[in-house]
Amino acid sequence: MSKPDLVSIEPLRPQSMEELARHFTIHQLTMDKSTWVDAVKPLGDRVRFVQTTGFAGCPGPVMAALPRLEIVSCMGVGVDAIDLAQARTRGIAVTNTPDVLNDDVADLGIALLLMTARHLALSDRYVRDGRWKRLGNQALATKVSGKRLGIVGMGRIGKVVARRAAAFDMKISYHARNRADVSWTHCPDLVAMAREVDFMIVIVPGGPSTRGLISAQVIEALGPKGILVNVSRGSVVDEPALVDALVSGRLGGAGLDVFADEPNVPEALLPLDNVVLAPHVGSGTQETRGAMADLVVANLLAHRDGKPLLTRVP
Ligand code: NAP
Ligand code: 8YV
């Protein structure tokens with residue numbers, strides 16, 4: 001029996017691609033987004049399956065060029081790069097990889113907070129480039145334990161961030177549109193929360209409803225001693241306002257895993273010692289990326305076999 005055709009927009013790890021190749025005829029797209037529509041057009045009459053990642057997504061024109069498409073299986077919990085409106089209209093199932101990455105993303109959020117507050121990236125450079133020997137002790141940093149933390153987003157990952165922060169004796173409050181099933185303090189007014197806390201960790205989804213949520217006003221309210229950690233999406237923060245506040249010292253520091261135009265990072269951030277930068281590695285461990293890839297494959301096979309999908313985006 002011939003294998004169904006599958007378009008892979010961005011590949012999974014090699015062993016998962018080998019598994020997919022046992023079940024599907026794979027049409028692999030390249031990293032160059034401008035080639036995608038032309039690459040899928042000739043396959044339009046036969047492709048029902050797309051595999052992608054949260055980073056690559058599935059843009060509207062690619063979806064539109066695949067009239068028989070039935071499922072987009074995404075490696076990543078965030079599906080803001082997928083044309084969800086078109087998927088809904090056409091009844092195309094979208095699946096993602098929730099929960100299996102909660103620990104890693106929460107770990108990275110806390111790690112970025114510790115690294116930024118305790119100047120750890122600078123410490124590493126200070127030792128390696130001989131400044132310790134030449135200049136003596138590094139300047140003092142900021143204590144984390146016991147401080148006030150505001151978490152923006154109290155969903156699957158936000159709750160794990162909160163549990164970790166509680167182990168650091170932090171006083172936790174959170175902002176989300178609705179009260180969550182947690183005992184931490186709910187703050188419907190984000191600017192007011194920013195004024196009250198020492199640090200903020202952002203972990204909401206991307207997309208239109210959160211675009212620019214961390215506005216210039218929120219950044220100003222966090223202030224010259226405040227630290228902002230963003231492990232959500234670059235679009236959630238007003239990036240020019242953030243850069244301006246960091247350069248001028250109106251925001252104390254930032255730990256950033258995500259950016260508005262990845263992999264491009266604003267040049268002005270590169271020389272700043274009050275900023276810790278990471279290349280979108282929130283879920284980037286062998287274990288978690290493996291679990292995510294397994295879920296992507298499992299959803300595709302479930303759809304092929306007419307079984308219920310494991311993690312369909314509502
Ligand atoms: P989730 O369980 O859906 O939680 C989302 C939280 O954000 C909820 O508390 C939700 O509460 C809140 N929220 C949604 N829209 C909001 C808005 N407009 N204003 C304020 N709060 C809002 O999602 P999750 O699984 O925790 O994942 C969150 C996001 O993390 C993902 O969508 C993805 O973008 C990002 N992520 C990043 C990485 C990385 O590598 N850096 C890895 C994984 C995930 P309400 O609905 O009550 O507002
Ligand atoms: C992935 C993420 O690295 O899950 C998400 O939303 O941002 C990350 O876990 C990304 O989706 C892969 O491109």
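Refer to the structure presented above.
Here we summarise the structure given alongside this text. (Residues numbered from 1 in each chain as written. Chains lettered and ligands numbered in written order. Predicted model: local features only at pLDDT ≥ 70, side-chain atom pairs only at ≥ 80, totals over all residues. Heavy atoms only, no water.)

Approximately 460 Å³ is the volume found for the second largest pocket. Every residue lining the second largest pocket is counted, 23 residues in all, and those nearest its centre are Lys33, Phe55, Ala81, Ala260 and Glu262. In terms of domain composition, the lining of the second largest pocket takes at least three residues from each of domain 1 (5-100 + 287-304) and domain 2 (102-277). (1 Å grid on protein atoms, 1.4 Å probe; cavity = no way out; pocket = protein on both sides within 12 Å on 5 of 7 lines; lining within 4 Å. Points joined across faces, edges and corners; volume = space filled by probe spheres on them. Domains from an automatic or database assignment.)

As a further point, take the state of the cysteines. Taken as a whole and assessed by the stated rule, the structure comprises zero disulfides. Considering cysteine sulfurs only, cysteine 58 is the nearest to cysteine 74, which forms no disulfide, with 9.5 Å between them. You can call cysteine 74 buried: its relative accessible area is 1%. (Disulfide = S-S within 2.5 Å. Buried < 20%, exposed > 50% of the residue type's maximum accessible area, 1.4 Å probe, protein only.)

Bringing empty space enclosed by the protein into the picture now. Inspection of every chain in the model, using the stated rule, returns two cavities of 30 Å³ or more. Taken together, Asn230, Gly234, Val237, Glu239, Leu242, Leu256, Val258, Phe259 and Leu269 make up the lining of the largest cavity. Tallied by class, the residues present in the lining of the largest cavity amount to six nonpolar, two polar and one charged. Contributing to the lining of the second largest cavity are Met115, Thr116, His119, Ala121, Leu122, Asp273, Asn274, Val275 and Val276. Contributions of two or more residues to the lining of the second largest cavity are made by helix H5 (102-117), helix H6 (120-128) and strand S12 (275-277). (Nonpolar A, V, L, I, M, F, W, Y, C, P; charged D, E, K, R; others polar. Helix = DSSP H or I, 4+ residues; strand = E, 2+ residues; numbered from the N terminus.)

This part takes up the packing of helix H1 (residues 14-23) against helix H12 (residues 286-304). Interaxial distance between H1 and H12 falls to 10 Å at its minimum, and their mutual angle equals 10 degrees. By the angle between their axes, H1 is roughly parallel relative to H12. Where H1 abuts H12, its residues Ser16, Glu19, Leu20 and His23 lie against Ala293, Asp294, Val297, Leu300, Leu301 and Arg304. For the contact of H1 with H12, the class distribution of residues is five nonpolar, two polar and three charged. (Axes fitted to C-alpha atoms, helices over the stretch in contact; angles between N-to-C directions. Parallel < 35°, antiparallel > 145°, perpendicular 65-115°, else oblique. Contact = heavy atoms within 4.5 Å.)

Another aspect to go through is the sheet that holds strand S1 (residues 5-8). Taken together, five strands build an open sheet; the order of strands is S2-S1-S3-S4-S5 and the sheet is parallel. The outermost strands of the open sheet, each flanked by one partner alone, are strand S2 (25-28) and strand S5 (93-95). Direction aside, neighbouring strands of the sheet carry axes that sit 20 degrees apart on average. Two elements, S1 and S2, share four bridges in a ladder whose sense is parallel. Residue pairing in the sheet places valine 7 in a bridge with histidine 27 of S2. In the packing of H1 onto the sheet, contacts are made with S1, S2 and strand S3 (47-53), and the angle to S2 comes to roughly 130 degrees. Sheet contacts for H12: S1, S3, strand S4 (71-75) and S5; angle to S4, the most-contacted strand, approximately 170 degrees. (Pairing = 2+ DSSP bridges.)

Everything listed here is a matter of geometry and, on its own, says nothing about what the molecule does.
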